[in-house]
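# Fold and contact review
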Amino acid sequence: MSIRLVVPTIEHKESALDFKQEFIVNGESVINGSELLDQMEEYEEWLTAVTNNAHSETVNPEWVLTDTFFAVDDLDTIVGIVDLRHELKGFLLDFGHCGYSVRPTQRRQGYATEMLKLILNVAYASGMDQLQLSVERHNKASVKTIIANGGVYERTFELDGEPVDVYVIKTGGA
């Protein structure tokens, strides 16, 4: 299994819409780490927002500087999406620096673990020494992914009556 992170472009439109549709067909309304791809009607609108949020001069003032990447395999198929938030404010103080999702048909193949490893490298190259991530306690696969990348439990908060655990991972050129 080999994946790489790529910045979304207009050339990814059809593949990204296929990726999004797979979540919908699977009964999932949220695509974590997608910077609201799951809520946008038009790919171009989403792409503009993602592109703007990646630059300090154009980032939405209600958001934070964020790099968003598609994880693509050797055939350039989008197998996942991951974002890196360079600062935490507001609700992100609980939710953390990073979110990610793997397309339903590609889960349990190690993609999430590799995506998180790759985003830790991006964070390190950006001067970040650690990332904070949150995960719903019942999401055992994501807990395993975070721990496999060096995640250390820090605290718990509640979201909609459910426990959400916060982990910290040192980047250190992972």
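As shown above, the structure is provided for reference.
In what follows, the accompanying structure is described. (Residues numbered from 1 in each chain as written. Predicted model: local features only at pLDDT ≥ 70, side-chain atom pairs only at ≥ 80, totals over all residues. Heavy atoms only, no water.)

## Notes on the pairing of strand β3 (residues 78–85)
Rules: The classification of residues rests on relative accessible area computed with a 1.4 Å probe and restricted to protein chains. Under 20% of the type maximum is buried, over 50% is exposed, and intermediate values are partly exposed. Strands are runs of DSSP state E lasting at least two residues, helices are runs of H or I lasting at least four, and both sets are numbered from the N terminus onward. Strands were regarded as paired on the criterion that DSSP finds at least two bridges between them.
Counting buried residues in β3 gives eight out of eight residues, a clear majority hidden from the surface. In terms of strand pairing, strand β2 (residues 66–72) meets β3 through seven bridges, oriented antiparallel. Bridge pairing in β3 links Thr 68 to Asp 83. Once β2 ends, the chain turns through five residues before running back antiparallel as β3, passing Asp 76 with a positive phi of about 65°. Taken together, the five bridges between β3 and strand β4 (residues 98–102) define a ladder with antiparallel strand orientation. Its bridge partner being in β4, Ile 81 is matched across the sheet by Ser 101.

## Section: the environment of Ala 16
So the rule is basically this: Here, residues are in contact when the closest pair of their heavy atoms is within 4.5 Å.
Looking at where Ala 16 falls in the secondary structure, it is placed in helix α1 (residues 13–25). Looking at Ala 16, the relative accessible area reads 0%, which means it is buried. Along the backbone, Ala 16 and Leu 159 are 143 residues apart, and their C-alpha atoms lie at a distance of 29 Å. Those residues in contact with Ala 16 that lie beyond four places of it in its chain are Leu 37, Tyr 43, Phe 70 and Ile 78.

## Some remarks on the side chain of Ser 134
This is how it is decided: Polar contact is the term for a pair of N or O atoms within 3.5 Å; when the atoms are in protein, one must be able to donate a hydrogen and the other to accept it, and sequence-neighboring residues count only if both atoms are side-chain atoms.
Locating Ser 134 in the fold gives a position in strand β5 (residues 130–136). Here the side chain of Ser 134 touches Phe 95 through a polar contact of 3.1 Å, landing on its backbone oxygen. Once residues lying within four places of it in the same chain are set aside, the contact partners of Ser 134 are Asp 94, Phe 95, Phe 157, Val 164, Asp 165 and Val 166.

## Some words on the pattern of salt bridges
To keep it simple, the criterion reads: Each salt bridge in this description consists of a side-chain nitrogen of Lys or Arg and a carboxyl oxygen of Asp or Glu lying within 4 Å of one another.
One pass over the structure, following the stated rule, counts nine salt bridges. Here Glu 22 and Arg 103 are joined by a salt bridge, their closest N and O atoms 2.9 Å apart. Residue Glu 22 is located in helix α1, and its partner Arg 103 is located in the loop between β4 and α4 (111–125); the two are separated by 81 residues in the primary sequence. Under the relative-accessibility criterion, Glu 22 is labelled buried at 17%. With its nearest N and O atoms 3.4 Å apart, the salt bridge here joins Arg 85 to Asp 83. By relative accessible area, which is 1% here, Asp 83 ends up buried. Overlapping salt bridges, with partners in common, bring together Asp 18, Glu 22 and Arg 103 in one network.

## Considering the sheet that holds strand β1 (residues 4–6)
Selection criterion: Axis lines are fitted through C-alpha atoms, for helices just across the contact stretch, and the angle between N-to-C directions can take any value from 0 to 180 degrees.
Reading across the sheet, the four strands line up as β1-β2-β3-β4 and stay open at both edges, with antiparallel pairing between neighbours. In the strand order of this sheet, the two ends are held by β1 and β4, each with one partner. Put simply, the sheet's adjacent strands are angled 25° from each other on average, direction ignored. Direction of pairing for β1 relative to β2: antiparallel, over a ladder of three bridges. Within β2, the position partnered with Leu 5 by the bridge is Ala 71.

## Examining the sheet that holds β5
Spatially, the three strands line up as an open sheet ordered β5-β7-β6, and their pairing is antiparallel. On the outer flanks of this sheet lie β5 and β6 (152–159), each paired with one strand and no other. Strand-to-strand twist of the sheet, defined as the mean angle between neighbouring strand axes without regard to direction, takes the value 25°. The sheet contact formed by β5 and strand β7 (residues 162–170) spans seven bridges and is antiparallel. The partner of Gln 130 across the bridge, within β7, is Lys 170.

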